[in-house]
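# Topology and contacts: notes
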Amino acid sequence: MNKLQLPYDVYDDRCPTRDVLSRLADKWALLVLGCLEKEPQRFNSLRRHIRGITQKMLTQTLRKLERDGLISRKIFPTVPVTVEYSLSPLGKTLTHTMSFLTLWVEDNMDAMLAAQAAFDKANATS
């Protein structure tokens, strides 16, 4: 329940669940959460594992996930400072759903590519 004691409803355009759903549907957020599923990682390790993500996008994604309480950030007093990211207890509640979604995509990618090709062929302009 929220401050107004109304039930959350993702189909209501004024509901704050829409913002969270939007962030979770972001490809970078899903990939970061997936990388942190097995063990905590440092920034550069995440950047190496998630090919194609820019430093700026990784920084923004980590901040949003931390703000939502899905990841934790631990700072170690070293020179230079070491920062490690891990799933928070709340973030760990998403691991089953994330794993299912990523496996589904990988298992069904060929069928989706075939459907896209058929659609494009049927809708090609001559």
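Residues numbered from 1 in each chain as written. Predicted model: local features only at pLDDT ≥ 70, side-chain atom pairs only at ≥ 80, totals over all residues. Heavy atoms only, no water.

In the annotation of an unreviewed UniProt entry, the entry for the protein chain reads Helix-turn-helix domain-containing protein, and the organism field reads Phytobacter palmae.

## A word on the pattern of salt bridges
One pass over the full model with this rule turns up three salt bridges. The partner of D12 in a salt bridge is R14, and the shortest N-O contact between them spans 3.2 Å. The exposure class assigned to R14 is exposed, which follows from its relative accessible area of 70%. Taking the shortest distance from any N to any O, the salt bridge between D68 and R23 comes out at 2.5 Å. Here D68 is found in the loop between α4 (55–67) and β2 (71–76), whereas its partner R23 is found in helix α1 (residues 17–24), with 45 residues between them in sequence. What you see here is one network of salt bridges that share partners, running through D12, D13 and R14. (Salt bridge = Lys/Arg side-chain N within 4 Å of Asp/Glu carboxyl O. Buried < 20%, exposed > 50% of the residue type's maximum accessible area, 1.4 Å probe, protein only. Helix = DSSP H or I, 4+ residues; strand = E, 2+ residues; numbered from the N terminus.)

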